[in-house]
Amino acid sequence: MLYNLPYITVAVVIAIGLYAMLYKRNLIKIVIGLSLIESGVNLFLVSLGYVQGGIAPIYTNAPKTEMVLPTPQALTLTSIVIGVATTAMLLSFCIVIYRHYGTLDSEKVRRLRG
Amino acid sequence: MTGFLDFSTPSGFWDPLRWIIVMIIALLISYYIWKRGNPKHKKGEQIKPFFSGYDAPSPEDAHIRAGNIYWGFITALKRYYAFVKSIHTGNINDYIGWYVGIMALMLIVFLLWGGA
Amino acid sequence: MMWDFLMHNSPALIIAVPLFAAFFTPVIGRFSKKAMYAWVVGAMIFTEFLVLILLYTVYTYGTQIYVFGARPYSMAIPPDSGGIPVRIIFTVDSMSVFMAFIAATVGLAGAIYSVACEKGQSGQEKYYALVLLMIVGMLGMVLTGDMFNFFVFLEINSLASAALVSYRINKGVSVEAAFKYAVVSAIGALMILFAIGILYGEYDALNMAMIASRMQFTTLDKIAMALILVTLAMKCGSIPMHFWVPDGYGKAPGAISAMLVAASQASLYGLFRMCFTVFGLAASHITLGYFLIILGLISMFVGVTMALVQHDIKRLMAYHAVSQTGYMLLGVGVGLATWGTPAFSQYGFAAMEGGIFHIINHAMYKGLLFLTAGAVIYRVGTSDLNKMGGLAHSMKYTTIFFIIGALSIAGIPPFNGYASKLMIYESVYQFNPLLAVIAMIVSILTLASFVKVFHSAFMGPKIYPDVKEVPKSMLAGMAILTFFIILFGIFPQLAITYLVQPAASALANPIGYISRVLGGGP
């Protein structure tokens, strides 16, 4: 039961994020949804590398040899860094859009269509 | 080797040499026709275009703008264009919706017929 | 000595040179603008030179691998790793280097073009740094043999391109386009990362060759396949997930639109690479092939009909980019659907060649068309075709470049669009005549809509009396692409023998790719 709990959490977090991106009309809430999906994916990666009772994968003076996998953690770190950059860029876009359009409603921020 | 007038592509791609020879000949013929001119043309007589007896509009007004070109084609396909344009809403939620929808469709397709 | 060094390390240097140049551009830009232009263009020329060296190496010696942090650099599997390629490996086969050539050439033309086009803008240091980063992203995507590395370069590419789309704020409209582009590419990249996580959890590997060789094709693999393929199809702009294309291409600065074409094609490369190499050995070729063919057909037809009614010059061209991507998907899709059957050697391989040849041709002529559109907007100040007219009176060279690009995209001989479209028609006709007929109708409609652009922008009386020809550096950028259009149009055998045929055979031979990385190959 406990073994699958992280994956259920992943599914729930990604589903909430997708819901926000699909049905929320505020652009900032769309960015929040994107961040939620990203957290879900990161959680998925970290839980992939988890070993029951494992310690951090540092060999120097290691008390035991049961360690969690280092690669998914490296992937997650990279992904977090990219996610911060994406979120920062999207939020700064939101600022400029609000300054010029006076609204963040996705029904109104659509001068490009057709 | 096939004959000179065989225009299939024996080597898998087009053979530009024959085409260019044909094009040069065509250009020479059209240049000859253009050079001959219209013998009935007299200078000073046929300057103004005939516009049902009225004064022809100035070139600035006669220039057809982009929005009016292919009016007939677009009108004939009015229902198709109404449908296609209704898809292009410009709403970011719809963009993501189409992506997620196709993703769901392809998940089903690949799970059923994806292979072994 | 120097030559050997360049030849052996070219895969790494192709990434390192523009990356290094990108982070030094703002520093140099603080001192002198001219030095910065020389720095950026010099870095791009050097990258192009390295790509040509790599092209020569791959053509002569076959697929190259470059293992980061290993000595010797070609040791993919360290002796103590238990048969798993633990390091990041660049696997450069003919297809990768073919795409790298496209990215570097269009990037070079875009950089030269930008020098004059963006001269009056503020924040140029950031612009050029982002341009170089975008090129790094494209080159990395096509050269890498590692799934996670692919994701990282995809993100570098989409972040840099989204920031560049919004470079001219344009009363907020460009930022709206950039926002939409960034959101869809961010969610797409996250889905790819999720799929990479699934594959890593199953096979303990991130290397494409390793994953392909261990592929069990379980239910989880099918989910990962759907996530990756649909995302890459979205990123290359196929209908019905193309909505970001007209927005992003249409509102970006001229040179960036041209480079976005190459960026989308890097995603297209990813799609083909995943279809053939990673999932190709296990998945059903019919399903994957028809997936590409149907996407291609819809993209071709809807793209061109939507383009006909546009009256914004760049938005119109952006819809054509969608439509032309359909040809590539159709050609390679027919190849994939017939892969492994006798029909493959009969016409499937020719269809693949046509599709792949169309990639390079499209990058060249669509790049050229976007550059001419940028030149028109640079002088006229509007992108609305309804307000244009008579530009041929004063912009002679731009008009000539536009005519060449327009004839090429419409598939009129003797330009390169005809060379690849003919290959697609001929081979697809044998697969299913209806598909070839649709492809031809789309080609006619393409010509029709470019006649419309030509008539309303360049013909007619002089509406703008004080318009001049664009500066020389912009013309030079266009001339580079025109050179390749005419070269590949008049001498298609050159491109086929040295670029396209090796690329198509490399794509159709995943066993060779895998054995080159995991040992057993030459």
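Heads up: the structure comes first, above all this text.
Computed from a predicted structure; not experimentally measured.

Trainee: In this structure, what is going on with the overall build of chain C? I would like to understand it.
Mentor: From N to C terminus, chain C includes 19 helices and two strands. In summary, chain C has a C-alpha radius of gyration of 22 Å against a globular reference of 24 Å for 522 residues, a match within 12%. Over its C-alpha atoms, taken along the principal directions, chain C stretches across nearly 75 × 60 × 40 Å. Counting across all 522 residues of chain C, residues that qualify as buried make up 71%. Long-range contacts, defined here as pairs at least 24 residues apart, represent 80% of the contacts in chain C between residues at least 6 apart. Working note: accessible area of chain C is about 15,000 Å², and carbon and sulfur atoms make up 67% of it. Of note, chain C has its 27 positive side-chain charges centred 11 Å away from the centre of its 19 negative side-chain charges.

Trainee: For this particular structure, what's the right way to read the overall build of chain A?
Mentor: Of regular secondary structure, chain A possesses three helices and zero strands. Against the compact-globule benchmark of 13 Å for 114 residues, chain A has a radius of gyration of 19 Å, which places it well outside the compact range. With respect to the principal axes defined by its C-alpha atoms, chain A has extents near 60 × 30 × 20 Å. A buried classification covers 40% of the 114 residues belonging to chain A. Intrachain contacts of chain A at a sequence separation of at least 6 include 46% that bridge at least 24 residues. For chain A, the computed accessible surface area is about 6,500 Å², with 65% contributed by carbon and sulfur atoms. Placing the 9 positive and 4 negative side-chain charges of chain A at their respective mean positions leaves the two points 13 Å apart.

Trainee: I keep staring at the packing of helix α10 (residues 254-278) of chain C against helix α13 (residues 342-380) of chain C and nothing clicks. Help me out?
Mentor: Think of two packed helices as two axes; the pair is described by the angle between the axes and how far apart they sit. Residue and element names in this part refer to chain C. Packing of α10 against α13 brings their axes to within 7 Å, and their N-to-C directions diverge by 165°. Put simply, α10 runs roughly antiparallel to α13. Relative to α13, the crossing made by α10 is right-handed. Counted together, Gly-254, Ala-255, Ser-257, Ala-258, Val-261, Gln-265, Leu-268, Phe-272 and Phe-276 of α10 and Met-352, Ile-359, His-362, Ala-363, Lys-366, Gly-367, Phe-370, Leu-371 and Gly-374 of α13 form the full contact between these two elements. In the contact of α10 with α13, the residues fall into 11 nonpolar, six polar and one charged.

Trainee: I would appreciate a short explanation of the pairing of strand β1 (residues 64-67) of chain C in the present structure.
Mentor: It is a general feature of regular strands that their side chains alternate between the two faces of the sheet. All names here are of chain C. By the alternation rule, side chains of β1 split into Gln-64 and Tyr-66 and Ile-65 and Val-67, which are all buried. Here β1 pairs with strand β2 (residues 89-92) via four bridges, running antiparallel. Its bridge partner being in β2, Ile-65 is matched across the sheet by Thr-91.

Trainee: Sorry if this is basic, but what is going on with the pattern of salt bridges here?
Mentor: Should their charged atoms come close, side chains of opposite charge can pair. Residues and elements named next belong to chain C. Across all of its chains, the model carries 10 salt bridges over all chains by this definition. For Glu-125, the salt bridge is made with Lys-33, and the minimal N-O distance between the two is 3.3 Å. In this pair, Glu-125 sits in helix α4 (residues 124-143) while Lys-33 sits in helix α2 (residues 33-61), placing the two residues 92 residues apart along the sequence. Among the residues examined, Glu-125 registers a relative accessible area of 17% and is labelled buried. Residue classification places Lys-33 among the partly exposed positions, given a relative accessible area of 35%.

Trainee: Even after reading the chapter, I still don't get the interface of chain C and chain B, so can you show me in this structure?
Mentor: Note: interface size is frequently given as the accessible area lost on complex formation between the parts. The interface of chain C with chain B comprises 65 residues on the first partner and 42 residues on the second. Carbon and sulfur atoms make up 76% of the area that chain C and chain B hide from each other, which totals about 4,700 Å². On the surface where chain C and chain B come into contact, there are zero salt bridges. Where chain C meets chain B, there are 10 residue pairs in polar contact (both at pLDDT 80 or more). Of all the secondary structure elements, the ones that give two or more residues to the side of chain C that touches chain B are α6 (173-203), α8 (219-235), α9 (244-251), α11 (285-308), α15 (416-431), α16 (433-458), α17 (472-490) and α18 (492-507) of chain C. In terms of residues, the side of chain C that touches chain B owes the most to one element, α8(C), which gives 10 residues. Residue composition of the side of chain C that touches chain B, grouped by class: 43 nonpolar, 15 polar and seven charged.

Trainee: So what exactly am I meant to see when it comes to the nonpolar core here?
Mentor: Nonpolar side chains in soluble globular proteins tend to end up buried together. Residue and element names in this part refer to chain C. Judged by nonpolar contacts, the single largest core of 251 residues is most densely connected at Phe-98, Leu-271, Met-274 and Phe-279. When residues in this core are grouped by element, the largest group, 23 residues, is from α6. Sequence-distant contacts of Leu-271, that is, excluding residues within four places in its chain, are made with Leu-229, Leu-232, Ala-233, Cys-236, Leu-292 and Leu-329. In terms of nonpolar packing, the next biggest core, distinct from the first, is built from 24 residues, Leu-308, Tyr-347, Phe-431 and Leu-435 among them.

Trainee: It is not clear to me how the packing of helix α3 (residues 94-117) of chain C against α18(C) should be interpreted in this structure. Could you clarify?
Mentor: Residues and elements named next belong to chain C. Axis separation between α3 and α18 bottoms out at 7 Å; the angle between their running directions is 135°. With respect to α18, the element α3 is oriented oblique. Facing α3, whose interface residues are Ser-94, Met-95, Phe-98 and Phe-101, α18 presents Leu-499, Val-500, Pro-502, Ala-503, Ala-506 and Leu-507. Per-class residue counts for the contact of α3 with α18 are nine nonpolar, one polar and no charged.

Trainee: Whenever I open this one, the environment of Asn9(C) confuses me. Can you help?
Mentor: Residue and element names in this part refer to chain C. Relative to the helices and strands, Asn-9 resides in helix α1 (residues 2-31). For the pair formed by Asn-9 and Lys-33, sequence separation is 24 residues and the distance between their alpha carbons is 31 Å. Among the polar contacts made by the side chain of Asn-9, one reaches the side chain of Tyr-66 at a distance of 3.0 Å.

Trainee: Is there a simple way to think about the side chain of Ser94(C) in this case?
Mentor: Of note, Ser94(C) is situated in helix α3. Every residue in contact with Ser94(C), bar those within four places of it in the chain, is listed here: Val58(C), Pro502(C), Ala503(C) and Ala506(C).

Trainee: I'm lost on unusual backbone geometry in this one. Help?
Mentor: Generally, phi is negative for residues other than glycine and the peptide bonds are trans, each holding for most cases. Residue and element names in this part refer to chain C. Residue Pro-240 follows Ile-239 across a cis peptide bond; omega there is 10°. By the secondary structure assignment, Pro-240 is in the loop between α8 and α9. Although it is not a glycine, Asn-170 adopts a positive phi angle of roughly 60°. The residue Asn-170 is located in the loop between α5 (147-165) and α6 in this model.

Trainee: I'm lost on the interface of chain C and chain A in this one. Help?
Mentor: Contact with chain C, which involves 37 residues of that partner, is made by 37 residues of chain A. Both sides of the chain C and chain A interface together cover about 3,000 Å² of buried area, and 83% of this is carbon and sulfur. For the pair chain C and chain A, the number of links is zero salt bridges. For the pair chain C and chain A, the interface holds three residue pairs in polar contact (both at pLDDT 80 or more). Looking at which element gives the most residues to the side of chain C that touches chain A, the answer is α6(C), with 19 residues. Class assignment for the residues of the side of chain C that touches chain A results in 25 nonpolar, five polar and seven charged.

Trainee: Sorry if this is basic, but what is going on with the environment of Val142(C) here?
Mentor: Secondary-structure assignment places Val142(C) in helix α4. Look past the residues within four positions of Val142(C) in its chain and what remains in contact with it is Ser96(C), Met99(C), Ala100(C), Ala266(C) and Tyr269(C).

Trainee: Explain a nonpolar patch on the surface here, please?
Mentor: Residues and elements named next belong to chain A. Taken together, the side chains of Leu-5, Ile-8, Val-12, Ile-16, Ile-28, Ile-32, Leu-36 and Leu-91 define a hydrophobic patch exposed on the protein surface, amounting to about 620 Å² of accessible area. When contributions to the nonpolar patch are tallied by element, the ones reaching two or more residues are α1 (5-23) and α2 (27-48). Ranked by residue count, the leading element in the nonpolar patch is α1, at four residues. As for its position among the elements, Ile-8 is in helix α1.

Trainee: Teacher, can you tell me more about the state of the cysteines here?
Mentor: By definition, a disulfide links the sulfur atoms of two cysteines through a covalent bond. All names here are of chain C. A full pass over the atoms with the stated rule returns zero disulfides over all chains. Summary of cysteine pairing: Cys-236 is not part of a disulfide, and the nearest cysteine sulfur, belonging to Cys-275, is at 10 Å. Relative accessible area serves as the criterion here: at 3%, Cys-236 is assigned to the buried category.

About the thresholds
- Residues numbered from 1 in each chain as written.
- Chains lettered and ligands numbered in written order.
- Predicted model: local features only at pLDDT ≥ 70, side-chain atom pairs only at ≥ 80, totals over all residues.
- Heavy atoms only, no water.
- Helix = DSSP H or I, 4+ residues; strand = E, 2+ residues; numbered from the N terminus.
- Rg over C-alpha atoms; globule rule 2.2 N^0.38 Å.
- Buried < 20%, exposed > 50% of the residue type's maximum accessible area, 1.4 Å probe, protein only.
- Contact = heavy atoms within 4.5 Å.
- Areas by Shrake-Rupley, 256 points an atom, 1.4 Å probe, with all protein chains shown as cover.
- Lys, Arg positive; Asp, Glu negative; His and termini not counted.
- Charge placed at Lys NZ, Arg CZ, Asp CG, Glu CD.
- Axes fitted to C-alpha atoms, helices over the stretch in contact; angles between N-to-C directions.
- Parallel < 35°, antiparallel > 145°, perpendicular 65-115°, else oblique.
- Left-handed = near helix turned anticlockwise from the far one by under 90°.
- Nonpolar A, V, L, I, M, F, W, Y, C, P; charged D, E, K, R; others polar.
- Pairing = 2+ DSSP bridges.
- Salt bridge = Lys/Arg side-chain N within 4 Å of Asp/Glu carboxyl O.
- Buried area = accessible area lost by both parts, 1.4 Å probe.
- Polar contact = N/O pair within 3.5 Å; in protein donor to acceptor, adjacent residues only side chain to side chain.
- Core = buried A, V, L, I, M, F, W, Y, C linked by side-chain atoms within 4.5 Å.
- Patch = residues over 30% accessible without salt bridge, like charges linked within 9 Å, V, L, I, M, F, W, Y side chains within 5 Å.
- Disulfide = S-S within 2.5 Å.

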